[in-house]
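# Close look at the chain arrangement
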Amino acid sequence: MSAEMSRAHAESVIKNIIGEIVQQCAVRGHAVSDTLAAFMVKAVVLDPRNGFNVDRTLTKQDVQKLEELCLDKLMEKCSPSLDTIKMQVYFDMNYTSRREFLEEIQQLLESRLSPVSREITDSRVKTRDELDALYCKIISYILLRSGMGSPTDVSTLQEATAALQSVFPQTELGAFMVLLKRDKEQQLKELAMIVTGIRLFNNANKTGEEETDLHELMPTALKEALPVTSKSMENELSVSQSLAWKYTALLEKLTDPDSQPGACDLPMVLLRQALYNVRQHEVFLKLLLADACSCAEHIDILQTELSAQIKLLKETVKSKTAVPTAKVFPLFKALSKLWSGLQDEAELLNILNNIMLNLQPFVASQAKLFSEAYLDGLLGASEVKTDKQRMAESSDERIVPAEMKEQEWLLPETTASFNELLPQYNGVCGYTLVNRDGLLLPGNPNIGILKHKEKLYVFSTKEAALKFACSPDDFIAEVAEKAKHSPELIQLLKLHQQFSCISPYSEMHPGESFLVKPITMCESGTQTDIHPVESNLVKSYEWNEWELRRKAIKLADLLTKVTHSAQTDLSHMRRENVTQTWLPKNTACQSKRDSESSVPKPQIYLAGLRGQRDGHMVKTNLTRSVKE
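### Looking at the nonpolar core
With 64 residues, the main nonpolar core has L164, F168 and L288 as its most contacted residues. Per element, the largest residue contribution to this core is 14 residues, and it comes from helix 13 (residues 325-359). If sequence neighbours within four positions are ignored, L288 has contacts with F91, Y95, M233, L352, I355, M356 and L359.

### Here we look at helix 16 (residues 387-394)
Turning to helix 16, its buried residues are D387, R390 and S394. The buried residues of helix 16 occupy an angular sector of 60° when projected down its axis, which confines them to one face. Exposed side chains of helix 16 directed beyond 90 degrees from the buried face belong to K388 and A392.

### Details of the pairing of strand 2 (residues 449-452)
As defined by bridge partners, strand 1 (residues 408-410) adjoins strand 2 across 3 bridges and the pair is classed as antiparallel. Bridge pairing links W409 to L450 in strand 2. Two strands pair when backbone bridges link them, and strand 2 and strand 3 (residues 455-457) are joined in this way by 3 bridges, in the antiparallel orientation. Its bridge partner lying in strand 3, K451 is registered against L456.

### Comments concerning the packing of aromatic side chains
Inspection of the entire model under this criterion finds 15 aromatic pairs. Plain terms: the ring middles of F168 and F176 are 6.1 Å apart, the flat faces sit at 75° to each other, and that makes the pair edge-to-face. This pair shows no difference in class: F168 is buried, exactly as F176 is. Seen from their ring centres, Y431 and F475 are 5.4 Å apart, and the 55° between their planes marks the pair as tilted. In this pair, Y431 is assigned in helix 17 (residues 430-435) and F475 in helix 19 (residues 472-485), connecting sequence segments 44 residues apart.

The rules we used
Residues numbered from 1 in each chain as written. Predicted model: local features only at pLDDT ≥ 70, side-chain atom pairs only at ≥ 80, totals over all residues. Heavy atoms only, no water. Core = buried A, V, L, I, M, F, W, Y, C linked by side-chain atoms within 4.5 Å. Buried < 20%, exposed > 50% of the residue type's maximum accessible area, 1.4 Å probe, protein only. Helix = DSSP H or I, 4+ residues; strand = E, 2+ residues; numbered from the N terminus. Contact = heavy atoms within 4.5 Å. Arc of directions from axis to C-beta. Pairing = 2+ DSSP bridges. Phe/Tyr/Trp six-rings, centres within 6.5 Å; stacked < 30°, edge-to-face > 60°.

Now the structure itself:
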């Protein structure tokens, strides 16, 4: 069997296993996505306790065992580990970058407006009533795109109608109907922007004050989301961090080699899972909060630009009965764009808030297993240190590179952009993770960052850094083994690269596994020369004879040349040279001459027209003589 056929067969087997797991979970009343089932298959296979040999073909018994183990894992109740994996899958499926979020918001808006726009551009009106109905549809489209009020609100409808009639009266519908569909869509968007800008400007002028209250001009959704989202995220983050510090302090106390062995009955596995759960929740909340803060910054910038634009518009139209459209329409469009930007930020804040709310159920199991009162009782008089306190305590410990010449160390004083470096394990100390049975302690970069095989590692103490540096490859392998036992660590510590080498299921190919490799896709572009190979074209070749003559005359440049001659004994009287010249002729030409004359105005006087019934009329010529 060829490699391609083997890969196709492996993918088919994996799809069948995933499909069967999803179906069995649905039968048992649990909705499980294909992504979650696929990750669970990978986690079960990676766990060495399950005894799967990744270098051989799966038998029927292996497939059955794999499905049963996956079902048992997915059906676990009150499992912080399962909740963490579900949280990771949910976040990966619903969270993306800010740019992609804004693109999705725009696409969603266009999809909502598409039926209305299509109904307008495809309409074929013939009667007056149909024209009125089409005009009403255009108004509804403008209101839906602007988001300023509902199309069913009477006052909003009247305001939008008045604004539209000022720039696009109903008499221009005839010209609109003969446009191409693409031009109609473009004009609809421009009309929506202009009308939105006019309405915003009118709302800003209602108060009659020089300074406009920007809060009144903010979208309703933004007024509701802005003060709530960041605050609620900060509260959620504070709760998760507090729990993480308590779990860390408790596990640190229980895994201390010098501690008393009296607390062996505590569920260490569940405590570790709970720690991983709240730490993962903390990581996701920090991402959401950073995006919310970015939204707040963009909102401030947009509000400042909106205020400046309104002020510019007021100065442009102040005490003027008419303003050229070429001057004022771009200002209305710019105002509308700023408004749309504020609406996008409001929608993005709403999305981030929904993601935060949907993460809450994934931390419920650890809260149910270990209440805060229970944790406080276990901690007793133990000190609960925050991450900042741990950083401050270990900041005085520094690695001296001169003492560790075998390894490369990065220090804040000698490294540019030190705070922007991305260490392995998401900033967690790898030595503590291995040596303290899975305990997560944040590393302190100020101690020194170890650079090993082009990867960076941070540590919680100087002692941990020195011991890790003695045999880094062994500790890296141990961290991978810890992740195999606790699959939620793969995402939490960002260990995807260490497990990405697992190849697809194959038939008896040594070194290959039956898990499908992740396929990475990205946008790329290439640019090539027009003629990558040297061409044998003679650029100076010319086929036109007259062009060649022109070039020859230009090269000769006879106007600047002087002819020289000499006669020798052998050449004199050999031939006669004759030159013929023509004397210049006297020539003349005749051109047209303009002239003018003044003709006297004819004047005739008639006498005897009044007063006498039988009188004779006398005609007198008063025209002046031409010779005068």
